[in-house]
Amino acid sequence: MKLHEFQAKRIFARYGVPIPKGEVANTATQAREIAQSLGKPVVIKSQVLVGGRGKAGGIKLARTPDEAEAIADQILGMNIKGYTVKRVLVDEAADIQKELYLGLVIDRERRRVVMMASSEGGVDIEEVAATKPEAIHTTVIDPFLGMRSYQAIGLASGINLPKHLFRPFTQIALSLYQAFLGSDAELAEINPLVIQGDGSLLAVDGKMVLDDNALFRHPKLEEMRDLDEEDPAETEARVNGLSYVKLDGEIGCMVNGAGLAMATMDIVKHYGGEPANFLDIGGGARAEKVAAALRIILSDPNVKAVLVNIFGGITRCDEVARGLLTAIDEVKPNVPFVIRLVGTNEKEGRAILAEANFPTATTLAQAAQMAVAAARGETL
Amino acid sequence: MSILVDNNTRLIVQGLTGREGQFHAAQMQAYGTNIVAGVTPGKGGQETLGVPVFDTVREAKEAADANASIIYVPARFAADAILEAADAGIDLVVCITEGIPVLDMITVRAYIDQTSTRLIGPNCPGVISPGQAKVGIMPGNIHIPGPVGVVSRSGTLTYEAVAALSGRGIGQSTVVGIGGDPVIGTKFVDVLALFEADPDTKAIVMIGEIGGNDEERAAEFIREHVSKPVVGFIAGRTAPPGKRMGHAGAIISGGRGAAADKVAALESVGVPVANHPDEIAELIAERLN
């Protein structure tokens, strides 16, 4: 789960990372009031869950409360990469002398949390990694020992930070690590971490991605989820315990198991079709879950045919067949279906479908070809 | 004969008294797996499916002389269950549970690496040596004994490949689901090494997917250390970048982990990569002849 900048920075601040004074505004008038009370130049920052806000014109400096109101009015409602700006963060403007990068990620290959620092802040770290890899310094964190001070000092020295900043930098690095652990994050980034004119360090921008699998132990963080920023179909999928990703094709796919769901998309493409989605109904899918899956697939107007591919291990085919019939009865779809059920209780499952006159396939290749044909309007 | 599990496997079921645990334990028993004990904290002293239940893995292991364990406990307790099994000295721990927080798995894996325990999973279908033992949730009836070792990051996609093999009369030595999480106990290279050393495995199927670079590592390993024919499959050729495709580990991020790179890595070391699951069996059949 991605957090907004203001949410990430508030979490960082709670763990001791210095952030600019500021507040969130939903209207231009509120933005003016915040600027007024801060009594200094401010930065108006759109709060949407995509990168490149600055380039899109979603981050601007305002010297006076009047300007703050005018700029907020401009930014609110703006469309940034498909996301409508519904709020802005009004932050006291920093006195930027230099921009650094400080971030924590999970390194899959090393199976460790890794902290990265760079003297090249304020730009996308992946860009720095590609163009100037020597500017990125990393330290690998032992899960039993946690992040240690010497590791932070090693980073500070590596990026040639002025020595009088080693101590505050170490403090920020350790705080960021605690914020990362305490929130079960997959990514926590301060970019830029700014050296100000008075020599202090300030986390001007923040980004955080949380581990969805760990949200059960962070109900307060889960409440931060911004449903406005999520595709409604993806929201419904999540609420129903389904995994769904919308794509651009015309063949809706309902599959059990992530690997098989991907392979099903791939084989649709192999036989000349385009998959409309990834959807994994997971293990032990019951009727209600299957019905929800079907509603989600059919909410996409591009879908011209649906391919159901169930290989039963945990998921029992008769359950799936009953679920399908219940769902079809409820949703009354007007697109053709191709259904393939194999595995645990497959005979019972197929019998249930045959009784209801649904075309079934035995192999995946056959099912995919039938679905592609059906989407083209050919009769099965 | 096989790798990891066989007729000598003496299995503990952690979470035996739960709904899923009980369902799959019954299926494993029906397949012939020797389940010697169950573990559910607070339910020690009971009996389920004719098997004694203990409060701790240590008690179960001592009383029943177990050498393997399978875990069906919910995600929030699963990391603890793995550590308990490793701490009790179980040789092989198979964790079926999906949804364990990744920071938990980093700690678990770091601990496991200091012990002699081998962990398979989590978020996997388990391990089966057809005709000998099934330690997992796969449908046993699609498997037949034979010469092909299968290793895979997915569950149902593996069943698909196995069914295609069996459909052509090609049996399997052992089928290992290593799991779809970013941090797992046993990787492709570990299983490839076991298959290479197993005299009864004549050919290997490796089923990967988008995310991470374990397939690329496996390709390097195959070039250096595997003499047996290997056939590959990579799921997610149509997956968009930046989106998690069901499995926690199946995501193309920062330009890394795309299917095309994995296919290229495998092909560069002479491993043919199937376009769809049925083709896996065709390619294996050609190589066995």
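The model shown is predicted, which means the values in this text are computed figures rather than measured ones. (Residues numbered from 1 in each chain as written. Chains lettered and ligands numbered in written order. Predicted model: local features only at pLDDT ≥ 70, side-chain atom pairs only at ≥ 80, totals over all residues. Heavy atoms only, no water.)

1. Structural notes on helix α8 (residues 259-268) of chain B
Residue and element names in this part refer to chain B. Turning to α8, its buried residues number three or more, namely Ala259, Lys262, Val263, Ala265 and Leu266. All buried residues of α8 fall inside an arc of 160 degrees around its axis, so they share one side. Summarising the geometry of α8, the exposed residues directed more than 90 degrees from the buried face are Ala260 and Ser268. Where α8 is buried, its residues touch β12 (203-209), α7 (214-225) and β13 (230-235). Following α8 by one or two positions, Gly270 has its phi on the positive side, about 85 degrees. (Buried < 20%, exposed > 50% of the residue type's maximum accessible area, 1.4 Å probe, protein only. Helix = DSSP H or I, 4+ residues; strand = E, 2+ residues; numbered from the N terminus. Arc of directions from axis to C-beta. Contact = heavy atoms within 4.5 Å.)

2. Comments concerning empty space enclosed by the protein
According to the stated counting rule, one finds two cavities of 30 Å³ or more in the structure shown. Roughly 80 Å³ of internal volume is contained in the largest cavity. Lining the largest cavity we find Arg108 and Glu109 of chain A together with Arg153, Asp181, Pro182, Ile184, Lys187, Gly211, Gly212, Asn213 and Asp214 of chain B. A breakdown of the residues in the lining of the largest cavity according to their chemical character gives two nonpolar, three polar and six charged. Of the voids in this model, the second largest cavity is the one considered here, and its volume is about 40 Å³. Surrounding the second largest cavity, Pro125, Gly126, Ile128, Met138, His143, Thr158, Tyr159, Val175, Val176 and Gly177 of chain B form its lining. (1 Å grid on protein atoms, 1.4 Å probe; cavity = no way out; pocket = protein on both sides within 12 Å on 5 of 7 lines; lining within 4 Å. Points joined across faces, edges and corners; volume = space filled by probe spheres on them. Nonpolar A, V, L, I, M, F, W, Y, C, P; charged D, E, K, R; others polar.)

3. Observations regarding the sheet that holds strand β1 (residues 22-25) of chain A
In a beta sheet, neighbouring strands pair by backbone hydrogen bonds and run either parallel or antiparallel. Residues and elements named next belong to chain A. Strand order in this open sheet of four strands is β1-β6-β2-β3, and the pairing throughout is antiparallel. Of all the strands in the sheet, the pair left with one neighbour each is β1 and β3 (59-62). On average, each strand axis in the sheet is inclined to that of its neighbour by 20 degrees, with strand direction left out of account. Direction of pairing for strand β2 (residues 42-46) relative to β3: antiparallel, over a ladder of four bridges. What sits directly across from Val43, in β3, is Leu61. In this fold helix α1 (residues 5-14) packs onto β1, β2 and β6 (88-92), with an angle of close to 45 degrees to the strand it touches most, β6. Its contacts with the sheet put helix α2 (residues 28-38) on β1, β2 and β6, and the angle it makes with β1 is roughly 170 degrees. (Pairing = 2+ DSSP bridges. Axes fitted to C-alpha atoms, helices over the stretch in contact; angles between N-to-C directions.)

4. Thoughts on unusual backbone geometry
In this chain, Asn191 of chain A is followed by Pro192 of chain A through a cis amide linkage whose omega measures 10 degrees. Its location among the elements puts Pro192 of chain A in strand β10 (residues 185-196). If you check the backbone angles, Asn160 of chain A has positive phi at about 60 degrees while not being a glycine. We classify Asn160 of chain A as exposed; its relative accessible area is 67%. The phi torsion at Leu49 of chain B lies on the positive side, around 55 degrees, for a residue other than glycine. For Leu49 of chain B, the position within the fold is in the loop between β3 (47-48) and β4 (51-54).

5. Brief notes about the packing of aromatic side chains
Residue and element names in this part refer to chain A. Overall, the coordinates contain two aromatic pairs over all chains when judged by the stated rule. On the numbers, 6.3 Å between centres and 75 degrees between planes, the contact of Phe337 with Phe358 is edge-to-face. Of this pair, Phe337 sits in strand β17 (residues 337-343) while Phe358 sits in the loop between α12 (346-355) and α13 (364-375), and the two are 21 residues apart along the sequence. For the pair Phe337 and Phe358, a shared accessibility class is recorded, and that class is buried. (Phe/Tyr/Trp six-rings, centres within 6.5 Å; stacked < 30°, edge-to-face > 60°.)

6. Some thoughts on the pattern of salt bridges
Close approach of charged atoms allows side chains with opposite charge to pair. All names here are of chain A. Applying the stated rule across the entire model yields 40 salt bridges over all chains. As a salt-bridge pair, Asp300 and Lys246 come within 3.6 Å of each other at their nearest N and O atoms. One end of the pair, Asp300, is in the loop between α10 (287-298) and β16 (305-312); the other, Lys246, is in strand β13 (residues 243-246), and 54 residues separate them in sequence. (Salt bridge = Lys/Arg side-chain N within 4 Å of Asp/Glu carboxyl O.)

7. Side note on the sheet that holds β3 of chain B
All names here are of chain B. Taken in spatial order, the seven strands make up an open sheet running β3-β4-β2-β1-β5-β6-β7, and their pairing is mixed. Two strands in the sheet have a free side with no partner beyond their single neighbour: β3 and β7 (118-120). Relative to β4, strand β2 (residues 35-39) is paired through two bridges, and the arrangement is parallel. Residue pairing for β4: Val39 is matched across the bridge by Phe54.

8. With respect to the environment of Asp200 of chain B
As for its position among the elements, Asp200 of chain B is in the loop between α6 (188-197) and β12. Along the primary structure Asp200 of chain B and Ser2 of chain B are separated by 198 residues, whereas in three dimensions their C-alpha atoms are 6.7 Å apart.

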